[in-house]
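Chain by chain, the residues:
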Amino acid sequence: MTKINLKVDGVAYTDEVEPRTLLVHYLREQIGKVGTVVGCDTSNCGACTVDLDGQSVKSCTVLAVQADGGGVTTIEGLAAEDGTLHPVQQAFHENHALQCGFCTPGMIMAVRDLLKNNPNPSEDEIREGIEGNLCRCTGYQNIVKAAQAAAGAAGATAGAQA
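**A look at the pairing of strand β4 (residues 55–58)**
(1) Moving on: By the bridge criterion, 4 bridges tie strand β3 (residues 49–52) to β4 in an arrangement that is antiparallel. Residue pairing across strands places D51 opposite S56, the latter belonging to β4.
(2) Moving on: Linking β3 back to β4 in an antiparallel pair, the connection comprises 2 residues, with D53 at a positive phi of about 50 degrees.

The structure is reproduced here in structure tokens:
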């Protein structure tokens, strides 16, 4: 067993893990962050996408020991303490960008990362930005619409604060 220290959604954790434990399994099974879903265990679907130290990663491709000392944000860490949804979560809700919901956590995390790096993406840039995340239900139109709406909301918020 190996001791790791992580900050997940703003909370510090110190745990013992087997060196081969994937970050997704650590998040779900040891600390109860079940919003991060296990989709394929092969990094093909993107359902397990989280933010690790400011970078979007598929948590089924990262060992928990590799994240030692780092900070992880999961889908559960996006909403404000009062329950207010993150602008990307709100946009997915308002634009019906989910059906079965299985891909939604990873898709939201991917869109959040995209908008962090490109606050006003074109439709093509959105499609490219989410290409590592698979959705078997929606056909992506509403996901793209939600990403555009979230970009607009972020722009409006930034404009209001200026």
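**Section: helix α1 (residues 23–30)**
(1) Moving on: Buried within α1 are the following residues: L23, V24, Y26 and L27. Viewed along the axis of α1, the buried residues span an arc of 170 degrees, placing them on a single side of the element.
(2) Moving on: Immediately downstream of α1, the backbone of G32 shows phi near 80 degrees, a positive value.

**Things to note about the confidence of the model for the chain**
(1) Moving on: Counting all residues, the mean pLDDT for the chain is 91, and 94% of those residues have values of 70 or more.
(2) Moving on: The lowest-confidence element of the chain is helix α5 (residues 141–161), averaging 74 in pLDDT; the highest-confidence one is strand β5 (residues 71–73), averaging 98.
(3) Moving on: Below a pLDDT of 50 lies the segment residues 156–162, which in the model reaches 0 contacts outside its immediate sequence neighbourhood of four places, other chains included.

**Description of empty space enclosed by the protein**
(1) Moving on: Counted under the stated rule, the structure contains 1 cavity of 30 Å³ or more.
(2) Moving on: Its volume calculated, the largest cavity comes out at about 30 Å³.
(3) Moving on: Lining of the largest cavity is provided by A97, L98, Q99, C100, G101, F102, C103, T104, C135, C137 and T138.
(4) Moving on: In terms of residue class, the lining of the largest cavity is made up of 7 nonpolar, 4 polar and no charged.

**Focus: the pattern of salt bridges**
A side chain of one charge can pair with a side chain of the opposite charge when the charged atoms of the two come close.
(1) Moving on: Applying the stated criterion across every chain, the model contains 6 salt bridges.
(2) Moving on: Here K116 and D51 are joined by a salt bridge, their closest N and O atoms 3.7 Å apart. Here the residue K116 occupies a position in helix α3 (residues 104–117), and D51 occupies one in strand β3, the gap between them amounting to 65 residues.
(3) Moving on: Across the salt bridge formed by R127 and E123, the nearest N and O atoms sit 3.1 Å from each other. With a gap of 4 residues between them, R127 and E123 both fall in helix α4 (residues 123–129), about one helical turn apart.
(4) Moving on: A relative accessible area of 39% places E123 in the partly exposed class.
(5) Moving on: A cluster of three or more residues bridged by salt bridges with shared partners is formed by D51, R112, D113 and K116.

**Some thoughts on the nonpolar core**
(1) Moving on: Counting residues in hydrophobic clusters, the biggest one holds 22 residues, and the most contacted among them are V88, F92, M107, I108, V111, L115 and I143.
(2) Moving on: Contributing elements (two or more residues each) for this core: α2 (87–94), α3 and α5.
(3) Moving on: The contacts of V88, once residues within four sequence positions are left out, are I108, V111, R112, L115 and A150.
(4) Moving on: Core analysis: the second largest hydrophobic core is formed by 16 residues, V17, L23, Y26 and A67 among them.

**Structural notes on the environment of S56**
(1) Moving on: Of note, S56 is situated in strand β4.
(2) Moving on: Separated by 62 residues in the primary sequence, S56 and N118 place their C-alpha atoms 14 Å from one another.
(3) Moving on: Here S56 is in contact with T49, V50, M109, A110 and D113, once residues within four sequence places are set aside.

Criteria and cut-off values
- Residues numbered from 1 in each chain as written.
- Predicted model: local features only at pLDDT ≥ 70, side-chain atom pairs only at ≥ 80, totals over all residues.
- Heavy atoms only, no water.
- Pairing = 2+ DSSP bridges.
- Helix = DSSP H or I, 4+ residues; strand = E, 2+ residues; numbered from the N terminus.
- Buried < 20%, exposed > 50% of the residue type's maximum accessible area, 1.4 Å probe, protein only.
- Arc of directions from axis to C-beta.
- pLDDT = per-residue confidence, 0-100.
- Contact = heavy atoms within 4.5 Å.
- 1 Å grid on protein atoms, 1.4 Å probe; cavity = no way out; pocket = protein on both sides within 12 Å on 5 of 7 lines; lining within 4 Å.
- Points joined across faces, edges and corners; volume = space filled by probe spheres on them.
- Nonpolar A, V, L, I, M, F, W, Y, C, P; charged D, E, K, R; others polar.
- Salt bridge = Lys/Arg side-chain N within 4 Å of Asp/Glu carboxyl O.
- Core = buried A, V, L, I, M, F, W, Y, C linked by side-chain atoms within 4.5 Å.

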